[in-house]
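Here is how the chains run, residue by residue.
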Amino acid sequence: MKTLFLDTTILADRYLANTERQRQIRQQLHGKSLTTSNYVIGELKNSFLKNSITLHTLLLEEATVEDALARLGQRCFSTRQFDRVLKVFAYLAKKVGYDKEELLERLDILIEDEFEILFIDGIDEVIDECQCIRAHATPVKEGKRWILDLGCRQQPQPSCDIEAFYAKCREELASLTQIGEAERIINVDNLTGMLSGQKSKYGRNCWSVGDAIICAEVPADQWIYTSNLKDYGPLSKRLGKKLWREGTEHPPSSRDSM
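Residues numbered from 1 in each chain as written. Predicted model: local features only at pLDDT ≥ 70, side-chain atom pairs only at ≥ 80, totals over all residues. Heavy atoms only, no water.

Before going further, it helps to examine helix α7 (residues 100–120). If you check α7, its first and last C-alpha atoms are 29 Å apart, about what 21 residues at 1.5 Å a residue would give, namely 30 Å. Of all the bends in α7, the largest measures some 60° and sits at Glu 114. Along α7, the positions that sit buried rather than exposed are Lys 100, Leu 103, Leu 104, Arg 106, Leu 107, Asp 108, Leu 110, Ile 111, Glu 114, Phe 115, Leu 118 and Phe 119. Its buried side turned inward, α7 meets α1 (8–16), α3 (38–61), α4 (65–70), α6 (79–96), β4 (140–142) and β5 (145–147). Taking the backbone nitrogen of Glu 101 as reference, a side-chain oxygen 3.2 Å away marks Asp 99 as the first, capping residue of α7. Two residues or fewer past α7, Gly 122 is found with a positive phi of approximately 80°. (Helix = DSSP H or I, 4+ residues; strand = E, 2+ residues; numbered from the N terminus. Expected span 1.5 Å × (residues − 1). Bend = angle between axes of the 7 residues up to and from the residue. Buried < 20%, exposed > 50% of the residue type's maximum accessible area, 1.4 Å probe, protein only. Contact = heavy atoms within 4.5 Å. Polar contact = N/O pair within 3.5 Å; in protein donor to acceptor, adjacent residues only side chain to side chain.)

Scanning all chains against the criterion turns up three aromatic pairs. Between Phe 89 and Tyr 98, the ring centres sit 5.9 Å apart and the planes meet at 40°, which makes this aromatic pair tilted. Here Tyr 98 falls in the exposed class, since its relative accessible area comes to 58%. Seen from their ring centres, Phe 115 and Phe 119 are 5.2 Å apart, and the 20° between their planes marks the pair as stacked. Here Phe 115 pairs with Phe 119, and both are found in helix α7, just four residues apart, close to one helical turn. Taking relative accessible area as the criterion, Phe 115 reaches 3% and is therefore assigned buried. The class of Phe 119 is buried, set by a relative accessible area of 5%. Of note, Arg 134 hangs over the ring of Tyr 39, and the distance from its end group to the ring centre comes to 5.0 Å. Above the plane of the ring of Tyr 166 lies Lys 201, whose end atom (NZ or CZ) is 5.5 Å from the centre. (Phe/Tyr/Trp six-rings, centres within 6.5 Å; stacked < 30°, edge-to-face > 60°. Lys NZ or Arg CZ within 6 Å of the ring centre and 35° of its normal.)

Let us look at the nonpolar core. Counting 79 residues, the largest nonpolar core has Leu 6, Ile 162, Tyr 166, Leu 173, Leu 176 and Ile 213 as the members making the most contacts within it. Per-element accounting of this core gives the leading share, 10 residues, to α3. Those residues in contact with Ile 162 that lie beyond four places of it in its chain are Cys 130, Lys 201, Tyr 202, Cys 206 and Ile 213. (Core = buried A, V, L, I, M, F, W, Y, C linked by side-chain atoms within 4.5 Å.)

With that settled, the discussion passes to the confidence of the model for the protein. In regions of low pLDDT, the predicted coordinates are not meant to be interpreted in detail. Residue-level pLDDT values for the protein average 92, and 96% of them are 70 or greater. Across residues 251–258 the pLDDT falls below 50, and counting only partners more than four positions away or on other chains, this stretch makes 20 contacts in the model. (pLDDT = per-residue confidence, 0-100.)

Next up, the structure:
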């Protein structure tokens, strides 16, 4: 049985993408052993969970759902954030429609419990190479509002194992700075600085090279399943990792297909 490692895009889209995309992903996952990592789950909490809290806050502050959506541009500072909020909204609207109070009630359930279940639903193993503390962050409700402290910042340093991970994977991570497209894919300046010890390996510096860390932590015998082929293609090729390509049951490895 093949083992697929689900990255952040697939782990989210198997429930939050449009219906046809969900069907395509389920088809690919059928009959496979599935893994992911706590670093991936940490990324999901730093993105979809955090952005769900943003949507909850807007719904609380505005009189109507329409007014809340109209303010998204004030709270979402990138196309990715905007896209994530809309995916969460669509996921909820399919279940409860467009009533504001019902949306807030369903958001409470999603933020408090459901995301934790969805992130690891059907996953056979969660790899924990980095001991990423973001994966264990728990939202707390203060009054009617949700607060999320991911606990990952440069000071004080979090109690994760990213230092040990860099020591273990130093050669692999260093090789990624030599990819021709490296500047587009990862923050090369940050990665170089972290490898040399001149920059902190925590907080936003760590997040800026997340794809590199995820690719490096995937076991060599597992297939990386991602929607982000543009970035993971060069990364997996350099590290000799196998990249799953949809539409073929026996896809070539990244070394053969790139």
